[in-house]
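Summary of the model geometry
Here's the letter readout for the chains.
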Amino acid sequence: MKRMTTRSSRIIALGAAAALAWACGAPEADAPAEDSGAGPPNIVLILADDLGYADIGIYGSEIISTPHIDALAASGVLFTDGYVSHPVCSPSRAGLVTGRYQQRHGWEFNPAGRDVNAGMSLDEATLADRLKALGYRTGMVGKWHLGHQEPHHPMSRGFDEYFGVLEGGSTFIDSRLPGVEYGSLRGEDGPTERRNKVLRGFEEEKVERYLTDVFTDEAVAFIERGAARDEPFFLYLSHTTPHTPLQATAEYLEGYRHIEDQRTRVYAAMVASLDESVRRVVETLKVQGMYENTLIAFASDNGCAGYIGHACSNGPLFGFKRYHHEGGVRIPFIMSWPAAVEGGQEFSHPVITLDYMATFTAAAGEETETEDSVNLLPYMTGEAEGAPHEYLYWRAGASVAIRDAQYKLIKLNRTDFRPDSLRGDGRLQPPEGGWPTDSPHGQLTLLYDLDADVGELNNLAAEQPDVVARLEAELDSWRGTLLDEQILPGVRSTITQIDGEWVQLVF
Ligand code: CA
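Residues numbered from 1 in each chain as written. Predicted model: local features only at pLDDT ≥ 70, side-chain atom pairs only at ≥ 80, totals over all residues. Heavy atoms only, no water.

**Side note on the overall build of the chain**
Heads up, the condition is: Helix numbers and strand numbers start at the N terminus; a helix is a DSSP run of H or I with at least 4 residues, a strand a run of E with at least 2. This radius of gyration counts C-alpha atoms alone. The globule rule is 2.2 Å times how many residues there are, raised to the power 0.38. Burial classification: accessible surface area is computed with a 1.4 Å probe over protein chains only, and a residue below 20% of its type maximum counts as buried, one above 50% as exposed, and the rest as partly exposed. We call two residues in contact whenever any of their non-hydrogen atoms come within 4.5 Å of each other.
The helix and strand inventory of the chain stands at 11 helices and 22 strands. Its C-alpha atoms give the chain a radius of gyration of 22 Å, near enough to 23 Å, the size a compact globule of 507 residues would have. For the chain, the C-alpha atoms occupy an extent of roughly 65 × 55 × 45 Å along the three principal directions. Across the 507 residues of the chain, 61% fall into the buried class. Here the analysis covers contacts within the chain between residues at least 6 apart in sequence; of these, 73% occur between residues at least 24 apart.

Below, the structure is given as structure tokens:
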């Protein structure tokens, strides 16, 4: 089966004449990107790790100030209903970089520590592969989390340059250094040794400073190098903040000394470091005269984590990272491209990070079409109206979910496990070969009306069997298009109580 097709992008109704000239094919092939908006845009994707829906000002944070992320949203489009395709790191990123639901190519679950040789399918083209083929210089800075070995390394997956950590959960700095605070989860001391190697290309590089600042320095340097080159660039800046370990430096803690709870204080400071990163990236683009014609996207890879003790916030949304409820999968989602897209817009139909593939490649001149990715540019320019997606879908083993314009259906395995079965890390010990995908104790069916109940507190499944049946049928038909055999089984799992019933979450 041919899974991807490409076609020349349709001329989109761009907001600026110069950008329109680009879409019409006016510029020279080797014309440098200029502030006039001529030529294909530079593309910068900034991804946060475990940042909650309401952890930034413009999405409703009451304690964290993020003026530069807020300004980015004000300069473009704030998506109120932006989603990821999975509520944990690695599969979410696999969907994001391929523009396809990751269960189509076998990356349904987070890898475990034992899976050191595994990685996302090598048959998939990444955003970097596609943009490189369209003449882009491609660079990645930060967390990859799609395989450790050389064939899976970002520079084997379309990136010309790489600086970062291949795994998740990286140490930011030596906790013993003056001014550094560590937000302890279980009373333990903060890390002093670097947990994951920082690589420049394939070689380890010694890093002493705060990792978020180091990544920002690398991103700025990549943009500055890009300014001196003829071709446009794609930068994937994949921060590890504000994922655990919760560590912050005095510089970022300064504005949050008044917060008594240490984890909340450190977490807020970590988000401040993210905001500073956005400030420096935007400032560098402006200094280089490239800001107007740069498409900047900002998102998180999943919702905020419930296991960090309420230090983060998904606002009114129920659930956390690992949940198919909104708190796990709905995330801050912003796009800005001043030369082509009018600022100050809010878009409320559901969109998903899978859409980056079609959107970025369309902006670059030739849209890559996948089964799942929708070019959002026409919606951002006003050329298209309505909903880009009729349905969005999620699956992690037996846990499944679907939403349409109004309703969300979630089905979770009932379980006999109780909290005394959990290990010290809050997870269940998996059986040999991972968790089965059947439902030996039946499933809990949850139906929510998101228009009336965005907090998913009122289960309507018993009251609205017709809606349940329609969404179940749609979900079954989607599941029929996925791979039966995934590359790795689901081994990570925990339990939670919803509507008084114990259910199992697999991730
Ligand atoms: Ca994450």
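**Quick look at the nonpolar core**
So the rule is basically this: Here, nonpolar core refers to any group of buried Ala, Val, Leu, Ile, Met, Phe, Trp, Tyr and Cys residues whose side-chain atoms link them within 4.5 Å.
Judged by nonpolar contacts, the single largest core of 141 residues is most densely connected at Phe234, Tyr267, Phe298 and Phe360. Tallying contributions element by element places helix α7 (residues 262-287) first for this core, with 12 residues. Leaving out residues up to four positions away in the same chain, Phe234 has contacts with Ile43, Leu45, Leu127, Ala128, Leu131, Tyr136, Arg137, Thr138, Gly139, Phe159, Phe222 and Phe360. Core analysis: the second largest hydrophobic core is formed by 6 residues, Phe109, Leu428, Trp435 and Val506 among them.

**Here's the deal with the coordination of the calcium ion**
Tetrahedral coordination by four donors places them ideally at 109.5 degrees to one another around the metal; octahedral coordination by six donors ideally gives 90 or 180 degrees. Quick reminder of the rule: Counted as donors are N, O and S atoms no farther than 2.8 Å from the metal, or 3.2 Å for Na, K and Ca; water is not among the atoms, and sites may therefore look incomplete. Square planar and octahedral assignments, for four and six donors respectively, both demand that opposite donors be over 155 degrees apart and that all other angles lie between 65 and 115; tetrahedral needs four donors with all angles between 85 and 135 degrees, and anything else is irregular.
At the metal site, the calcium ion is ligated by Asp49 (OD), Asp50 (OD), Cys89 (SG), Asp301 (OD), Asp301 (OD) and Asn302 (OD1), and these contacts range over 2.2 to 2.6 Å. One can describe the site at the calcium ion as irregular: its 6 donor atoms subtend angles covering 54 to 160° at the metal. Motif for the calcium ion, donor spacing along one chain: D-D-x38-C-x211-D-N. Of this pair, Asp49 sits in the loop between β2 (42-48) and α2 (67-74) while Asn302 is found in the loop between β12 (294-300) and α8 (326-329), placing the two residues 253 residues apart along the sequence. The exposure class of Asp49 is buried, given its relative accessible area of 0%. On the accessibility criterion, Asn302 (0% relative accessible area) is buried.

**Re the sheet that holds β2**
Condition: Two strands form a pair only when DSSP identifies at least two bridges running between them.
One open sheet accounts for 10 strands, arranged β9-β8-β6-β5-β10-β2-β12-β13-β3-β14; its pairing is mixed. Edge positions in the open sheet fall to β9 (203-204) and β14 (345-347), since each of these has one partner strand only. Looking at chain direction, strand β6 (residues 161-165) and strand β8 (residues 199-200) are connected through 2 bridges and run antiparallel. Within β8, the position partnered with Gly164 by the bridge is Leu199.

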